[in-house]
Amino acid sequence: MTAVRTLLARPWIWSFIGALIVWLAAILFTGGYGAGGMITAALSLAVFMVIVGIGQMFVITLGPGNVDLSLPANIGLASAVAMKVMGGSNAMIAVGLVAALASGMAVGAANYLLIRVLRIPPIIATLSSSFIVLSIDIAYGRGLQIKPPPAFADFTNIQVFGIPILAIGGVVFAFLAGIALQRMIYGRSVLAIGQNMRAAWLAGIPVERIRFFTYTLSGALGGINGALLAGYFRGASVDIGNEYLLSSIAVVVIGGTSVAGGKANVPGIWGASLFLVLLLTMLNTFGVSAGVRLLLTGLIIVGVITAAGGQKTLR
Amino acid sequence: MSEGKSVIVRLDGVERHFGAVRALDGVDLAVESGSCVGLVGHNGAGKSTLMHILAGSGRADRGRIAIRGHEETAYSVARAQKLGIRCVFQELSLCPNLTVAENTRITHASLKGFGWRKRSAALIRAKLDEIFPGHGIDPSDVVGDLAIGQRQMVEVARAFTVTDEPLHLVILDEPTSSLDAHTAGQLLAFVRRAVDQGISSILISHMLGEILSTCDRVVVMRDGKVVATDTAAAFDRDRLVATMGGTRHRDKVAAVARTREETAVMVRARPRGQVAGAELVAHRGEVIGLAGLAGHGQTRLLLDIVRASTAARPGVTVGAPVALVAGDRQTDGIFPLWSIAENIGIRSLAGLKRGLLLSREREAALARAWQEKISIRTPDLDNNILSLSGGNQQKVLFARALGSDAGIILMDDPMRGVDIGTKLEVYDLIRDEARKGRTFLWYTTEMDELENCDHVYVFRNGRIVADLAHSELTEEKVIQSSFEEGAGAALRERAS
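Residues numbered from 1 in each chain as written. Chains lettered and ligands numbered in written order. Predicted model: local features only at pLDDT ≥ 70, side-chain atom pairs only at ≥ 80, totals over all residues. Heavy atoms only, no water.

### So, the overall build of chain A
Of regular secondary structure, chain A possesses 14 helices and two strands. Here chain A has a C-alpha radius of gyration of 20 Å; the compact-globule value for 315 residues is 20 Å, and the two agree. The dimensions of chain A, computed from C-alpha atoms along their principal axes, are 55 × 50 × 35 Å. The buried share of chain A, reckoned over its 315 residues, is 50%. Long-range contacts, defined as pairs at least 24 residues apart, comprise 76% of the intrachain contacts of chain A with a sequence gap of at least 6. As displayed, chain A has an accessible area near 14,000 Å², and 73% of this comes from carbon and sulfur atoms. (Helix = DSSP H or I, 4+ residues; strand = E, 2+ residues; numbered from the N terminus. Rg over C-alpha atoms; globule rule 2.2 N^0.38 Å. Buried < 20%, exposed > 50% of the residue type's maximum accessible area, 1.4 Å probe, protein only. Contact = heavy atoms within 4.5 Å. Areas by Shrake-Rupley, 256 points an atom, 1.4 Å probe, with all protein chains shown as cover.)

### As for the interface of chain B and chain A
Facing the 29 residues of chain B at the interface are 23 residues of chain A. The tally of links from chain B across to chain A stands at two salt bridges. The closest approach of N and O atoms between E363(B) and R188(A), which form a salt bridge, is 2.7 Å. Between chain B and chain A we count seven residue pairs in polar contact (both at pLDDT 80 or more) in total. (Salt bridge = Lys/Arg side-chain N within 4 Å of Asp/Glu carboxyl O. Polar contact = N/O pair within 3.5 Å; in protein donor to acceptor, adjacent residues only side chain to side chain.)

### Some points on the packing of helix 2 (residues 13–30) of chain A against helix 13 (residues 267–286) of chain A
Residue and element names in this part refer to chain A. In the contact formed by helix 2 and helix 13, the axes pass within 8 Å of each other and the chain directions differ by 20°. Taken together, the axes of helix 2 and helix 13 are roughly parallel relative to one another. As for how helix 2 packs across helix 13, the hand of that crossing is left-handed. In this structure, helix 2 contributes S15, F16, G18, A19, V22, W23, A25, A26, F29 and T30 to the contact, and helix 13 contributes P267, G268, W270, G271, A272, L274, F275, L278, L279, M282, T285 and F286. Grouping the amino acids of the contact of helix 2 with helix 13 by side-chain chemistry returns 16 nonpolar, six polar and no charged. (Axes fitted to C-alpha atoms, helices over the stretch in contact; angles between N-to-C directions. Parallel < 35°, antiparallel > 145°, perpendicular 65-115°, else oblique. Left-handed = near helix turned anticlockwise from the far one by under 90°. Nonpolar A, V, L, I, M, F, W, Y, C, P; charged D, E, K, R; others polar.)

### Remarks on helix 4 (residues 116–131) of chain B
All names here are of chain B. The first and last C-alpha atoms of helix 4 sit 23 Å apart over 16 residues, in line with the 22 Å expected at 1.5 Å per residue. Listed as buried for helix 4 are S120, A121, I124, K127, L128 and I131. All buried residues of helix 4 project into a common sector of 140° when viewed along the axis, lining one side. Its buried side turned inward, helix 4 meets helix 3 (100–106), helix 5 (148–160) and helix 6 (181–196). (Expected span 1.5 Å × (residues − 1). Arc of directions from axis to C-beta.)

### Details of the pattern of salt bridges
Residues and elements named next belong to chain B. Evaluation of the coordinates by the stated rule reveals 30 salt bridges over all chains. Between R307 and D304 there is a salt bridge; the shortest N-O distance is 2.9 Å. In this pair, R307 and D304 are both assigned in helix 9 (residues 298–308), three residues apart and thus about one turn of the helix distant. With a relative accessible area of 29%, R307 lands in the partly exposed category. D304 gets classed as buried once you look at its relative accessible area, which sits at 3%. Here R360 ties to E342 by a salt bridge, and the two come within 3.9 Å at their closest N and O atoms. Residue R360 is found in helix 12 (residues 360–373), and its partner E342 is found in helix 11 (residues 340–345); the two are separated by 18 residues along the sequence. Judged by its relative accessible area of 38%, R360 is partly exposed. A relative accessible area of 15% means that E342 is categorised as buried. When salt bridges with common partners are traced through the structure, they connect R272, D304, R307 and R313 into a single cluster.

### Comments concerning the packing of aromatic side chains
For the structure on display, the rule yields nine aromatic pairs over all chains. Between Y186(A) and F213(A), the ring centres sit 5.0 Å apart and the planes meet at 75°, which makes this aromatic pair edge-to-face. Remark: F213(A) occurs in helix 11 (residues 207–232) and Y186(A) occurs in helix 9 (residues 185–195); sequence separation between them is 27 residues. On the accessibility criterion, Y186(A) (14% relative accessible area) is buried. Measuring from ring centre to ring centre gives 4.9 Å for F160(B) and F190(B), while their planes differ by 90°; the resulting arrangement is edge-to-face. Placement of the pair is F160(B) in helix 5 and F190(B) in helix 6, with a sequence separation of 30 residues. Like F190(B), F160(B) is buried. Through a chain of ring-to-ring contacts, three or more aromatic side chains come together here, namely F48(A), Y232(A) and F233(A). Seen from the ring of Y140(A), K84(A) lies directly overhead, with NZ or CZ sitting 4.4 Å from the centre. (Phe/Tyr/Trp six-rings, centres within 6.5 Å; stacked < 30°, edge-to-face > 60°. Lys NZ or Arg CZ within 6 Å of the ring centre and 35° of its normal.)

### Things to note about the pairing of strand 7 (residues 169–173) of chain B
Consecutive residues of a regular strand have side chains that alternate between opposite faces of the sheet. All names here are of chain B. Of all five residues that make up strand 7, five are buried, and the element is covered over most of its length. Residues of strand 7 alternate between two faces, with L169, I171 and D173 on one and V170 and L172 on the opposite face, all of them buried. With four bridges joining them, strand 6 (residues 85–88) and strand 7 adopt parallel strand pairing. Considered in strand 7, the bridge of R86 is made with V170. Bridge count for strand 7 against strand 8 (residues 200–204) is five bridges, and the pairing is parallel. For I171, the partnering residue across the bridge sits in strand 8 and is I202. Assessed by its sense of winding, the connection that carries the chain from strand 7 through helix 6 to strand 8 is right-handed. (Pairing = 2+ DSSP bridges. Right-handed = clockwise from strand over helix to strand, strands pointing away.)

Quick look at the structure:
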């Protein structure tokens, strides 16, 4: 009983409960048909949200106003870079991944420079840089029709006992990110900056170095995500990352991370990603129209955040 | 009460519990109209909690509140305001993004329609001029840009402004802790004038001299109870300290006759405004005082030294790691979402590692060690930092700096809201740490604290205007150099 209560006190549990309910509703509708397949598909798609969601989480935790809006353009460019460098050859897979990572890191570092050197608010800086990156992507990837190397495409689809290998990698990555957040100096520094940037500076934290690292990390994760998406969907495209603008922020918030900064939650990002993907699956199996689907998605997200946000405030 | 003066506020058997902590344990209190009541007690004695209940921002678990003979059942901030009870809290409550005039409007709903900003500005300007002549604050200043002392002045002045609601009682919770001696004197004189005009006042302060000279009656609290109530004339400093409990008598600081230049120079810093000559020098093991009126460049120099500790800066050289004890703890010190232990450990993260990861045990051990050393009053170090009283939060900031690897400790008027008992303990701690080779730079506006320094630099308008060894230190000299005008300063600068 007490175990249940301590579990319920965790802010991330709600996103998993939400995912479970949505999944049950969907298989109830299909009469149990395709229950396992639904989870496999959800895991494959959720892992992409988890990767960018964790990057976004570190950025948002830096405090009010910090957000990375350049992720969609970044993902699009990195997917094109990866496909072009790999050139469909199995021998070039590693090089292509490194190139996508470098492209993402370059975008992240550029974001930080805009914020720091030109003193532009992050929301504007990352939005404007996303237009620039998008233009570069359009010019660079024009008419790009390169298929991923067969080994890379196969890798993104490998399953172990019905669990996609990417999802296993995603869980390991999330675990490491949780350690970095709670048990490493980097994570502590991010949490401190998000609560009180001036106090963090006066407590000897290298504030600007941490912010630079965080934006670069978010960019790097966007880059990796771009390469993986291109492998999974059999090719790069300019709009491959479009849905990650809102979903990267949504999974952070639903997962129990504070939008005001200083408080973050890694497990919640997995729960929230599964919830969002399964929600779409459920609405699709119900066969509702696109308009109704968007409306219901919005309402349900609001509902979950309200339910999970019943935290007591101190004083 | 017996002499027939009407009673403004009467509290009967008020209790308040925070979990296992009994913040208030059956408190009775009565305030008559036209009197000033002083409220004293150690950090965590329950003074601020009691005042929150009186101001309507806190709730009593048990007990009765009667205002002007009428028992209040649904008491709230709005109700208190309507009944003419105002409060100036220790944690400043102005909105930092608004101007002084706009902040004034917040408590005066009747300032509306065209030109409210102008009327609001006139209202607050008149009150500031009345209380703090020569305050240098413009009603169009944004509050966030003001120094902490100026914010405190605005807060106090706002509490005394009157439009359509009456004003009967003003609660002042440590109003002078962020003010220098000069403005504190102005405020206390004003409180006396207001009291003579029939406005009552409750004054909370750790400066016992202020309490004795300003108040008619004194109430002493200890561990959530009122332990003594008497006229101010019946108390003196020693009796107050004894009633508050648990502090030994203060020994005169034994000034160790030390020649400077004996040890290595740890800090050498020249204020930005200083053209040449005078600079601040601190040797290893010294306690250096930064004096002068509040906001005359002392904090700025301390921050420049913080900057110089990570990147080279012209005019400032630093010889060891630096840690700062913030005075403005809301803005410069506290991480409000974290526990007490996390707040202590943040300056020492590198030392708390075991392998690659931070060790919870080491963090807890560090916090426990310092909890004992400067007695932070809490049942559990894993509690949130905001569960502590203001003075205890300040102790956490001391623990953060002293528990770190820093060889140079900067203190930015750090004793705000700290009671006498703790102050004396911290003075001893500083002496001890200095003997072990740490260097202290201590900005303070209290003469008592300067007595603890080996060497004092007096600041005015961003410059060092006097350089006093412990043996030549007197209150007159400090005040004189703080106010000295034009000619003297020019002469001094040419001479140096």
